[in-house]
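In case you want the letters, here they are:
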Amino acid sequence: MRVYEIKSRKRGLRRLVVGGLHGREGVVTKRALERFARDGRPQSGTLVVVPSICVRARYVSTLSERYLETREGRMLLGLLRHYRPDVYVEVHCYSKKAYRSLTSPARLDRKGVPRLVELDKGVLIGSSPPQLLLTDLFKLGMTVEIPCKSHEGEDVLLTLLRVVRDQDTIDEILDQLEAMYPRQLREAIELYQRYLDYLGSKRGADLRFNAYDPRERGTAQRR
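An account of the accompanying structure is given in this report.

Cut-offs applied
- Residues numbered from 1 in each chain as written.
- Predicted model: local features only at pLDDT ≥ 70, side-chain atom pairs only at ≥ 80, totals over all residues.
- Heavy atoms only, no water.
- Axes fitted to C-alpha atoms, helices over the stretch in contact; angles between N-to-C directions.
- Helix = DSSP H or I, 4+ residues; strand = E, 2+ residues; numbered from the N terminus.
- Parallel < 35°, antiparallel > 145°, perpendicular 65-115°, else oblique.
- Left-handed = near helix turned anticlockwise from the far one by under 90°.
- Contact = heavy atoms within 4.5 Å.
- Salt bridge = Lys/Arg side-chain N within 4 Å of Asp/Glu carboxyl O.
- Core = buried A, V, L, I, M, F, W, Y, C linked by side-chain atoms within 4.5 Å.
- Buried < 20%, exposed > 50% of the residue type's maximum accessible area, 1.4 Å probe, protein only.
- Disulfide = S-S within 2.5 Å.

**A few points about the packing of helix α1 (residues 26-37) against helix α6 (residues 151-166)**
Logical step 1: Closest axis-to-axis distance for the α1/α6 pair is 10 Å, and the angle between their directions is 45°. By the angle between their directions, the pair α1 and α6 is classed as oblique. With respect to the hand of their crossing, α1 and α6 are arranged in right-handed fashion. Residue-level contacts link V28, R31, A32, L33, R35 and F36 of α1 to H151, E154, D155, L157, L158, L161, R162 and R165 of α6.

Have a look at this one:
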């Protein structure tokens, strides 16, 4: 597992981008995230890029509670505990036949997570898995899925990640993404907000979230 840690001289957000979390998707994410790691440095804060936790491993869904018990899951938790990122992005790739399942309105009932929203060229965005949201190890968590066999999707991914790298606050990241993908981001944010409420109702009123709530955008600068 290779780790790129890129620091600015100016204090700011801690960003962690991780790819290749299970199965064979690391072959694809490694190629895209190696490009990103060499693409530039943040203007403030820290950027940590892990192109692939694994290249070939037994497939255990990251939505399963069993995932965090796997070697890959333990490595991911180790990264999150070590860096305590403000922004965490996990990057997967999907086969063409998985598109319908990933974007289905019934995904919350079937998988326990909201559907993903397509930004462009088959690149999908959504919430981090529930067991990670509940760890209190990061503020804003995003899952990004790119088509396994589309180089166009890699270009869209790099554009998204540059926004994460180049903005100084979480509010600015979301504002910039919304300016680029207005309908898609509003939809993704609405699904994310509903999901935080859903998790709270499932886990009880005493649940403490460190998670960033987009409804509070603009109320305070987050670092």
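**Here's the deal with the pattern of salt bridges**
Logical step 1: Counted by the stated rule, this structure contains 15 salt bridges.
Logical step 2: With a shortest N-O distance of 3.7 Å, R35 and E154 are connected by a salt bridge. Residue R35 is found in helix α1, and its partner E154 is found in helix α6; the two are separated by 119 residues along the sequence.
Logical step 3: Overlapping salt bridges, with partners in common, bring together R31, R35, E154 and D155 in one network.

**Describing the nonpolar core**
Logical step 1: Core analysis: the biggest nonpolar cluster contains 64 residues, and V18, L76, V87, Y88 and V89 have the highest contact counts within it.
Logical step 2: For this core, the element with the most residues is helix α8 (residues 182-203), which contributes eight residues.

**A short note on the state of the cysteines**
Disulfide: a covalent bond formed between the sulfur atoms of two cysteine residues.
Logical step 1: A complete count under the given rule lists one disulfide for this structure.
Logical step 2: Paired by a disulfide, C93 and C148 hold their sulfur atoms 2.2 Å apart. Its S-S torsion of about 85° marks the bond between C93 and C148 as right-handed, since a negative value means left-handed. Here the residue C93 occupies a position in strand β4 (residues 87-94), and C148 occupies one in the loop between β7 (140-147) and α6, the gap between them amounting to 55 residues.
Logical step 3: Residue classification places C93 among the buried residues on the basis of a relative accessible area of 12%.
Logical step 4: Residue C148 is classed as partly exposed on the basis of its relative accessible area, which comes to 24%.
Logical step 5: Of all cysteine sulfurs in the structure, the one in C93 sits closest to C54, which takes part in no disulfide; the separation is 11 Å.

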